[in-house]
Amino acid sequence: MSPSSSGGAPRAAPSFVSALVGEEKGALLLKLVEGLDTAALHWLSGYAAGLAARTAGAGMSAPVSVAAPVSAAPEATPASPLTIIYGTQTGNSRMLAERLKRQVESAGLPVRLFRASDYPVRELARERLLCVVISTQGDGDPPDDSRGFVEHVLGKRAPRLEGLRFAVLGLGDSSYPKFCEVGRVLDARFAELGATRLVERADCDVDFEPVAGGWLDQAFARAKEALSPRDAPIAAVVPLRGVTSPPVHGKEAPFAAEVLVNQRITGRGALKDVRHLELSLEGSGLEYLPGDALGVWPHNPPELVDAFLSELKLDGGTEVTRDGRTLPLAKWLAEELELTKLSRPFLERHATLSGSEELRGLLKPEGTEGFRALLASHQVIDLLRAHRAPWGAAELVQALRRLAPRLYSIASSPKHAGAEAHLTVSVVDYTAFGTRHFGAASYHLATRAAGTDRVRVFIEPNERFRLPEDGDRDVLMIGPGTGVAPFRAFVQERAEVGARGRNWLFFGEQHFRTQFLYQVEWQEALKKKTLHRLSLAFSRDHAEKVYVQHRLREAGREVYEWLEGGASLYVCGDAQRMAPDVHAALVDIVSMHGGRSREDAEAWLQGLRDQRRYLRDVY
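Calculation rules
- Residues numbered from 1 in each chain as written.
- Predicted model: local features only at pLDDT ≥ 70, side-chain atom pairs only at ≥ 80, totals over all residues.
- Heavy atoms only, no water.
- Helix = DSSP H or I, 4+ residues; strand = E, 2+ residues; numbered from the N terminus.
- Expected span 1.5 Å × (residues − 1).
- Buried < 20%, exposed > 50% of the residue type's maximum accessible area, 1.4 Å probe, protein only.
- Salt bridge = Lys/Arg side-chain N within 4 Å of Asp/Glu carboxyl O.
- Contact = heavy atoms within 4.5 Å.
- Core = buried A, V, L, I, M, F, W, Y, C linked by side-chain atoms within 4.5 Å.
- Pairing = 2+ DSSP bridges.
- Right-handed = clockwise from strand over helix to strand, strands pointing away.

S.K.: Would you explain helix α17 (residues 485-497) in this entry?
M.R.: Think of an α-helix as 3.6 residues a turn; residues three or four steps apart then line up on the same face. For α17, which comprises 13 residues, the first-to-last C-alpha distance of 19 Å matches the rise-based estimate of 18 Å (1.5 Å per residue) to within 8%. Of all 13 residues in α17, 10 are buried, a share of seventy percent or more. Looking at α17, one finds that the buried residues are Ala485, Pro486, Phe487, Arg488, Ala489, Phe490, Val491, Gln492, Glu493 and Arg494. Trailing α17 by a residue or two, Gly498 shows a phi angle of about 70 degrees, which is positive.

See below:
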């Protein structure tokens, strides 16, 4: 919530602010931020972080915190490296953590990088410099790869950390009530355990770069002070022989992949339009493994761009500048900005422009449930139509979020498909409020013509969703709907390498006749014994709905025997309903057939997670 305005004399700044900048400047600071909405405050925090980073080398101190003050002049500890831990669901935290690692390495200083699931928590008590970059999922949950680390830090076994200097960067979505909750909780917990902040925590929204860039520069500057021996020259960075350069193409420089195949794989009359796409990676230098995702940079539907211009009575040819780039408004809307996903910052600005008391009510704490319902049911265009407001071209471009890439599980093994990446895409296309609605990426992919069009792509590695190295290990795969995509890659890979372990797939959809994705391929795999069991659940073919969790319970004894015998378990698909329902079924199975209490069954499944034998890719 933004500060409220009040008349009379300026309010006094808090004591720690006055101590840092003086009473007069503190009062001016409060006056400056009065009335600013959340979007403006987030932008201002990123701007301030960037200023702090640029002046850090000149001796500018980081902001003071009452609970855990920022260390002012750390002693040199060249023997203790900077440890960077990241937790990610979509790869953004990993990317930022790797950027910080490269900055530290470029200065010839010691640094090590861990995914949270790989970090040996017993070493936490010995850390001296620690940076954590972590995202928040859903309603304040940590990413799947960070649950163990977060539980350890928050738990009773966490050590005292008086000798630690730390910094936390949180990533999240301000449209959720518990924005950057995991980063906030970890930051507070480190301070509670006696650690001192290297730099203040920063919270990044979906468009994370403005805040993240400043925080990374500031964290690097402070870590450099801590790591550099006094009066000693920093060794030059010597390139390692035999280390290959990263691929030219990546998230910021995507490859234009030719569309080889764009085929609908649901039958006539199906409630869903699901596409199988095959994209050429020939000449890209991009490589992937089963379990990885393909990042797709989409364009917004032309019909939606036209609707924006028409509804707001704006000229698509109007030149607009944002972040140093000048483009026609129509190009901003088509290729650069999010039009299908409604966000809290945009809603806040629209509520102000429209003067709608209804929207303002949704932004209050008591309006949380209505706010969530609005995000779930409305796209941006619906808001513009329901609550008219005088948007100008420049203000609209500034208020909309930057378009983000979409990640799709790759549905092929490179050993089988060669220099191609296959996707399984459910097209978002529905009618609401009397008009047709689309999903940006799925519509973009569905309308690409094979042999003519190209799609901008990059590889997003997913190390937390890998096949077991031991080919003799059995594999259980649970993937309803398009969640089956990575398991097509798994079965192909296991066949190509001659893995001797058994493969068991649980697949579910609405109707057998029209929505049995890759039916012919699964039947062929069963004949060849590259797929050993196939359990199916079609929810709308019978009066009583049947889902994959029901099939799991029906085969509970055998599922438990496979797991007890060393099988690896994978779940892919919907995070909101399917994944929790499947987990509940697994708890029931382990409790019933393993003779354990529910608490012990949960602990047993956690043991599988720790052994990387229970892996999820949910979204």
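S.K.: What is the right way to read the pattern of salt bridges from this model?
M.R.: As a working rule, side chains carrying opposite charge can pair if their charged atoms are close by. One pass over the structure, following the stated rule, counts 46 salt bridges. Residue Arg147 is joined to Asp144 by a salt bridge in which the shortest nitrogen-to-oxygen separation is 3.3 Å.

S.K.: Mind showing me how you'd approach helix α8 (residues 302-312) here?
M.R.: Of all the positions in α8, only Leu304, Val305, Ala307, Phe308, Leu309, Glu311 and Leu312 are classed as buried. Looking at the buried side of α8, the elements it contacts are α9 (329-336), α13 (380-386) and α14 (393-399).

S.K.: Before we go on, may I ask you to explain the nonpolar core in this structure?
M.R.: Looking at soluble globular proteins, one finds that nonpolar side chains tend to be buried together. Formed by 34 residues in total, the largest nonpolar core has its most connected members in Phe308, Leu329, Leu333, Phe346, Leu384, Leu396 and Leu400. It is α8 that contributes the most residues to this core, six residues altogether. Every residue in contact with Leu400, bar those within four places of it in the chain, is listed here: Arg322, Leu333, Leu337, Glu338, Leu339, Phe346 and Val380. In this structure, Ile84, Ala97, Val111 and Ala167 belong to the second largest nonpolar core, which totals 31 residues.

S.K.: What is the right way to read the pairing of strand β4 (residues 165-171) from this model?
M.R.: Remark: a regular strand shows side chains that alternate across the two faces of the sheet. Most of β4 sits out of view: seven of its seven residues are buried. The side-chain alternation of β4 yields two buried faces, one formed by Arg165, Ala167, Leu169 and Leu171 and the other by Phe166, Val168 and Gly170. Note that strand β3 (residues 129-135) and β4 share seven bridges and pair parallel. Across the sheet, the residue bridging to Leu130 is Phe166, located in β4. What joins β3 to β4 is helix α5 (residues 147-154), and the crossover it makes is right-handed. In terms of strand pairing, β4 meets strand β5 (residues 196-197) through two bridges, oriented parallel. Bridge pairing in β5 places Phe166 opposite Arg197. Viewed along the sheet, the connection from β4 through helix α6 (residues 181-192) into β5 turns out right-handed. For β4 and strand β6 (residues 202-204), the ladder comprises three bridges, and the chain directions are parallel. Across the sheet, the residue bridging to Gly170 is Asp203, located in β6.

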